[in-house]
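# Structural overview for review
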There are 2 protein chains.
Amino acid sequence: MGLMRSWIETANDPEGAFPLNNLPYGVFSVGDGDLRCGVAIGDRILDVTGLEAAGILRADADADVLDAPFWNDFMELGPAVWARFRDALQALLGEGADETTRDLCITYSVPMADAVMHMPFRVSEFTDFYAGRHHAFNVGSMFRDPANALPPNWLHIPIGYNGRASSVVVSGTDVRRPWGQLKSPDHDLPAFLPSRRFDLELEMGAIVGTASDGPISVDEAFDNIFGYVLLNDWSARDIQAWEYQPLGPFQAKATATTISPWIVTRAALEPFRCDTPEREFELLDHLKDRGPMLYDIDLAVALAPKGKPATTIARTNYREMYYSAAQQLAHHSTAGCPMRVGDLLGSGTISGPTKPERGSLLELSWGGKEPLTLDTGETRSFIEDGDTVTLTGAARGDGFTIGFGSCAGTVLPALDAPYKR
Amino acid sequence: MGLMRSWIETANDPEGAFPLNNLPYGVFSVGDGDLRCGVAIGDRILDVTGLEAAGILRADADADVLDAPFWNDFMELGPAVWARFRDALQALLGEGADETTRDLCITYSVPMADAVMHMPFRVSEFTDFYAGRHHAFNVGSMFRDPANALPPNWLHIPIGYNGRASSVVVSGTDVRRPWGQLKSPDHDLPAFLPSRRFDLELEMGAIVGTASDGPISVDEAFDNIFGYVLLNDWSARDIQAWEYQPLGPFQAKATATTISPWIVTRAALEPFRCDTPEREFELLDHLKDRGPMLYDIDLAVALAPKGKPATTIARTNYREMYYSAAQQLAHHSTAGCPMRVGDLLGSGTISGPTKPERGSLLELSWGGKEPLTLDTGETRSFIEDGDTVTLTGAARGDGFTIGFGSCAGTVLPALDAPYKR
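Computed from a predicted model, the values in this text were never measured in an experiment.

Calculation rules
- All residue numbers refer to position in the chain's written sequence, counted from 1.
- A letter from A marks each chain and a number from 1 marks each ligand, given out in the order of writing.
- Whole-chain, interface and lining totals are the exception, using all residues; otherwise, since this is a predicted model, local features are given only for residues with pLDDT of at least 70 and side-chain atom pairs are given and counted only at 80 or more.
- Side-chain metrics in this entry use all non-hydrogen atoms of the structure; hydrogen atoms and water are not considered.
- Contacts are residue-level and defined by heavy atoms, with any inter-residue pair within 4.5 Å sufficient.
- As used here, buried area is the combined drop in accessible area, with a 1.4 Å probe, of two parts when they are placed together.
- Basic side-chain nitrogens of Lys or Arg form a salt bridge, by our definition, when they fall within 4 Å of a carboxyl oxygen of Asp or Glu.
- For this analysis, a polar contact is any N or O atom pair within 3.5 Å, provided that within protein one partner can donate a hydrogen and the other can accept it, and provided that sequence-adjacent residues contribute only side-chain to side-chain pairs.
- Numbering of helices and strands starts at the N terminus; helices are DSSP runs of H or I of at least 4 residues and strands are runs of E of at least 2.
- Note on residue categories: nonpolar means Ala, Val, Leu, Ile, Met, Phe, Trp, Tyr, Cys or Pro, charged means Asp, Glu, Lys or Arg, and polar means any other residue, Gly included.
- The superposition of copies rests on a least-squares fit of C-alpha positions from residues with pLDDT of 70 or more in both.
- The buried label applies to any residue whose accessible area, calculated with a 1.4 Å probe on protein chains only, is under 20% of its type's maximum; exposed applies above 50%, and partly exposed to all values in between.
- Note on pairing: DSSP must find at least two bridges between two strands before they are called paired.
- For helices, the fitted axis covers only the stretch in contact; all axes are lines through C-alpha atoms, and the angles between them, taken along N-to-C directions, range from 0 to 180 degrees.
- Note that the domain bounds reflect an automated or database-derived domain assignment.

Let us look at the interface of chain B and chain A. Often, the extent of an interface is quoted as the loss of accessible area upon association of its parts. Contacts between chain B and chain A engage 62 residues on the former and 62 residues on the latter. Regarding the contact of chain B and chain A, the summed buried area is about 5900 Å², with carbon and sulfur atoms giving 58% of it. For D343(A), the salt bridge is made with R164(B), and the minimal N-O distance between the two is 2.4 Å. Linking chain B to chain A there are 26 residue pairs in polar contact (both at pLDDT 80 or more). Residue assignment for the side of chain B that touches chain A shows that the elements contributing at least two residues are β6 (126-129), β7 (160-162), β10 (179-182), β11 (191-194), α6 (218-224), α7 (237-243) and α9 (325-332) of chain B. Classifying every residue of the side of chain B that touches chain A gives 32 nonpolar, 20 polar and 10 charged.

Turning to the environment of L202(B), a few remarks are in order. All names here are of chain B. Summarising the element assignment, L202 is placed in strand β13 (residues 202-208). When the C-alpha atoms of L202 and S351 are compared, they prove to be 8.1 Å apart, with 149 residues separating the residues in sequence. If near-sequence neighbours (up to four positions away) are discounted, L202 is found in contact with L231, L299, V301, T316, G348, T349, I350, G359 and L391.

In this arrangement, two copies of a chain are superimposed by a rotation about an axis accompanied by a shift along the axis. Superposing chain B onto chain A takes a rotation of 180° combined with a translation of 0.0 Å along the rotation axis, leaving an RMSD of 0.0 Å. The transformation relating the two chain copies, once decomposed into turn and shift, fits a two-fold axis. When each C-alpha of chain B is compared by its distance to the rotation axis, G248(B) comes out closest, at 2.2 Å. Here 100% of the interface residues in chain B have copies in chain A that are interface residues too; the copies meet face to matching face.

With that out of the way, let us pick up the pairing of strand β1 (residues 25-30) of chain A. All names here are of chain A. When you tally the buried positions in β1, you get 5 out of 6 residues, the bulk of the element. Here 4 bridges tie β1 to strand β2 (residues 36-41), and the two strands are oriented antiparallel to one another. When the sheet's bridge partners are listed, V27 is paired in β2 with C37. Taking the residues between adjacent antiparallel strands as the criterion, β1 and β2 are bridged by 5 residues, where G31 takes a positive phi near 55°.

Time to look at the sheet that holds β2(A). All names here are of chain A. The strand order across the open sheet formed by 5 strands is β4-β3-β2-β1-β5, and the pairing between neighbours is antiparallel. Edge positions in the open sheet fall to β4 (109-111) and β5 (115-118), since each of these has one partner strand only. Each strand of the sheet is rotated relative to its neighbour by a mean of 45°, with strand direction disregarded.

Another aspect to go through is the domain arrangement of chain A. Residues and elements named next belong to chain A. Per the domain assignment, the segments making up chain A are domain 1 (9-118) and domain 2 (126-412). A straight line from the C-alpha centre of domain 1 to that of domain 2 covers 29 Å. Taken together, the 26 residues of domain 1 in the interface contact 26 residues of domain 2. Buried surface at the junction of domain 1 and domain 2, both sides included, amounts to about 1900 Å², of which 67% is carbon and sulfur.

This part covers unusual backbone geometry. Residues and elements named next belong to chain A. Going from Q245 to P246, the amide bond is cis rather than trans, its omega being 10°. With respect to the secondary-structure elements, P246 resides in the loop between α7 (237-243) and β16 (257-259). Located in the positive-phi region is W366, a residue other than glycine, with phi close to 45°. One can find W366 in the loop between α10 (361-364) and β23 (372-373).

Another point: the pattern of salt bridges. Residue and element names in this part refer to chain A. Here the structure, examined in full by the defined rule, presents 48 salt bridges over all chains. For the salt bridge of K253 with D233, the shortest nitrogen-to-oxygen distance reads 3.2 Å. Note that K253 is positioned in the loop between α7 and β16 and D233 in the loop between β14 (225-232) and β15 (235-236), a separation of 20 residues in sequence. Considered together, K253 and D233 belong to a single accessibility category, that of buried residues.

Below, the structure written as structure tokens:
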């Protein structure tokens, strides 16, 4: 399948993020206007909240679902509606649309450059995994030893932990450097201080679009995923080191998790499906691969010191994951955990096998021992105040690109005094 | 303060759970009727959804908040409204009420025996702590050694991890024994099997009633807590043992967490405030005790095999906690984590210093090495199919009792085959 042509010319750029093949879902506003559900096409956003209210494009005949403003109500309608709605959008925006349709779509759309993006969906709960093998190997090598880098369970289950939905924010939101309890190796007692080892984690987020209420198979899990976003799981490594034994990361991961503003649907990514890597141990039946359920998506991390140009500090690919999101979701439900529409599953940090493919500063600077040199000549072991971190992602097809928009955040200095009373 | 007398005679029983001093908040239905917000008084439930709709008892002059049916919208109104509403209820139900008021309250109330209870609030997110010292010591002694039972951070921060809000259920809900990935010490590889070491955890749950958006002090945290419930954090010990390194418990805790149906407000518990235990290390300033913020609440666990009488297997007290819920909530917010109305914080398992005070079967049977003998003559190391576990709690005042209702669940056998496809 090649580029699907649109009458909106900017959507036909083979390097553009938002061709007719993509049609990702977001929430936008213009000026002081209301938040509205929108669909990206070329350099414009189609105002589907407006089209629904006008009776022109309805996902559900009886109830408004795009007025919320978030995509959860739409997701609730299920895969048959998702497919019909995508078809309807492709008819409106495809080359075959007549003049009246085109005029209507221009009326009900805005230039992307004029819009501010908001959270595209209400996060029900957030789970973060640790399912990239190179990342787990690097971290295990640093903190334990390379011979025993992976914990014994790692090759048998996608290790994950519950995160905090309330801290998920959309790209563009500033992130305040956290305070936390830290203990230096050379001190006997901990102290309460701003984090000194604040880091990024390059991840993909999978969004659950169909609820379940008991164990689901990998096949069912695949069908229940609505779409994907880029995800930066900001991590305070020094808080984590002190707190994480025995029950896992808590405040180290509670400051913020940033996602890209556009939900790229599973339908748009269908041409990019690929297999997980070869298995060292055969997975147990309930987690076995059921066809190609990962995706070939190029990913990059850029870091820009305040007021200076960005340096690309890592490039990798989503196909480096050891477990697919479908396997993670299946594992998540094994003990009967109800999964809900709007649940967000972070893939875990995505690193490739070589040094420039590492998806965190912890790995890139090897725990601070090998600081990176940026294009500006400055060095970085961890994030400094004023740094902007931007993740980007693109699936590259034959004559077209599926982009995600960027996932960016600027780190502000810690508060001088965190407590008012 | 002694018993506050009500004209509803059953509310004046010094051993009764629901005197005028208590007035806990729940959600109930009768027969095929709607779910409604209710207040327990003696052996009746006051239908405050009905009283609000009739304009007789309004928390907010302009908007219905008790029609949801859950107490979140009411909590959103804040502490001044909470206090006024409690005063209004005490006026309606106190001895001084006139005949007309009494008739009205009889009309807008039902016998508790006729009602089915539902989840009293929508759980925004669920966090479980590990903040009972005797429990942490017991578990650490069993899995590590008594000399190093507590992890190094334990006496400095209330260790916690994020749980799963979607799995929180109300008392009376059956709990299905989970399947999970397990590895026996005598096997090289894991297997997917029903849990064989399914356990209970006796806890209290604190409910956040005021949202916050950055670090909050222990004082602020205390003010932000709306009330308390009993909480049983069902735990699959064998799943936990295999999965929990390095990122903490996940599927071991995902099957269900049961809470009691009545939110006992902080106002009702005010006479029972008590101090946390003496400190071995002084806490850092941001976590320091700010007056007595724990509560003196007697707690008990009963276990009944299917069709047989219950045995009380443990008795302890909430005052055994090392950290108060206010300290837990303050710690939860240190890194800037937004906290929301409806967040539920599990205290962690509450065990006392002696064997009959242990709040889990893991501790009571010492990992299965010392099975308990029930009054029926049967023994238990962990929960067996058909067992009903019931938690109860009571704060005992001078001539009155503040009860919580019971927190009960029956464990059903694991599914024969968990997957349909």
